[in-house]
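Tertiary structure, described
Given next are the chains, with one letter for each unit.
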Amino acid sequence: MLADVILLLGLCFGGYLFWQGRRQAEAAQQHARRYCKQEGLQFLDLAWQASRPHRWGRRFGWQSRYNFGFSSDGESRYEGEITLLNLSLQRVSTPPYRLPTE
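This structure is a prediction, so every number in the text was calculated from the model and none was measured.

In terms of regular secondary structure, the chain is built from one helix and four strands. Expected size for 102 residues packed as a compact globule is a radius of gyration near 13 Å; at 18 Å, the chain overshoots this value by more than 25%. For the chain, the spread of C-alpha atoms along the principal axes amounts to about 70 × 30 × 15 Å. Residues counted as buried form 27% of the 102 residues belonging to the chain. Looking at the chain alone, contacts between residues at least 24 apart form 44% of all its contacts between residues at least 6 apart. Counting 13 positive and 9 negative side-chain charges, the chain places the centres of these two groups 11 Å from one another.

Under the defined criterion, the tally for this structure stands at four salt bridges. For Asp45, the salt bridge is made with Arg77, and the minimal N-O distance between the two is 3.1 Å. Of this pair, Asp45 sits in strand β1 (residues 42–56) while Arg77 sits in the loop between β2 (59–71) and β3 (78–85), and the two are 32 residues apart along the sequence. Residue classification places Arg77 among the partly exposed residues on the basis of a relative accessible area of 45%. Of the charged contacts in the structure, one is a salt bridge between Arg77 and Glu79, with a shortest N-O distance of 2.7 Å. Connected through shared salt-bridge partners, Asp45, Arg77 and Glu79 make up one network.

Per the counting criterion, the structure on display carries six aromatic pairs. When the centroid spacing of 5.4 Å and the interplanar angle of 80 degrees are considered together, the rings of Phe70 and Tyr97 count as edge-to-face. Within this pair, whereas Phe70 is found in strand β2, its partner Tyr97 is found in the segment after β4 (88–93), the two being separated by 27 residues in sequence. Summarising the aromatic geometry, the rings of Tyr78 and Tyr97 are spaced 6.1 Å apart at their centres and angled 55 degrees between planes, so their arrangement reads as tilted. Taken together, the positions of Tyr78 in strand β3 and Tyr97 in the segment after β4 put the pair 19 residues apart, joining distant regions of the chain. One aromatic cluster is present, formed by Tyr35, Phe68, Phe70, Tyr78 and Tyr97 through successive ring pairs.

Let us now look at a nonpolar patch on the surface. Residues Leu2, Val5, Ile6 and Leu9 make up a contiguous nonpolar surface patch of roughly 410 Å² in combined accessible area. Tracing the sequence through the fold places Leu2 in helix α1 (residues 2–39). Classification of Leu2 as exposed rests on a relative accessible area of 61%.

The rules we used
- Residues numbered from 1 in each chain as written.
- Predicted model: local features only at pLDDT ≥ 70, side-chain atom pairs only at ≥ 80, totals over all residues.
- Heavy atoms only, no water.
- Helix = DSSP H or I, 4+ residues; strand = E, 2+ residues; numbered from the N terminus.
- Rg over C-alpha atoms; globule rule 2.2 N^0.38 Å.
- Buried < 20%, exposed > 50% of the residue type's maximum accessible area, 1.4 Å probe, protein only.
- Contact = heavy atoms within 4.5 Å.
- Lys, Arg positive; Asp, Glu negative; His and termini not counted.
- Charge placed at Lys NZ, Arg CZ, Asp CG, Glu CD.
- Salt bridge = Lys/Arg side-chain N within 4 Å of Asp/Glu carboxyl O.
- Phe/Tyr/Trp six-rings, centres within 6.5 Å; stacked < 30°, edge-to-face > 60°.
- Patch = residues over 30% accessible without salt bridge, like charges linked within 9 Å, V, L, I, M, F, W, Y side chains within 5 Å.
- Areas by Shrake-Rupley, 256 points an atom, 1.4 Å probe, with all protein chains shown as cover.

Bear in mind that shape data such as this cannot, by itself, settle questions of function.
This is the structure in structure tokens:
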């Protein structure tokens, strides 16, 4: 009986983590697209990198990192990184990239 309750709780927790991961992936894609639009870049794709429980100041939640591909000139490809805590954007980092010449 106790084993059944523990199994059920484990399944519920696993379902919650999956659901939270999907929500974070959607939020990360929205943040990446918005960042690219603001910077005049072309958004290419998004890939999950890592997740873990994390504490940030007084907030505690699930931190996830995503790599996103972008192009500045339509020919070159660069990889940036987005970090989210729950659904909130913590940081965006990009490598130096070539600005298009007009």
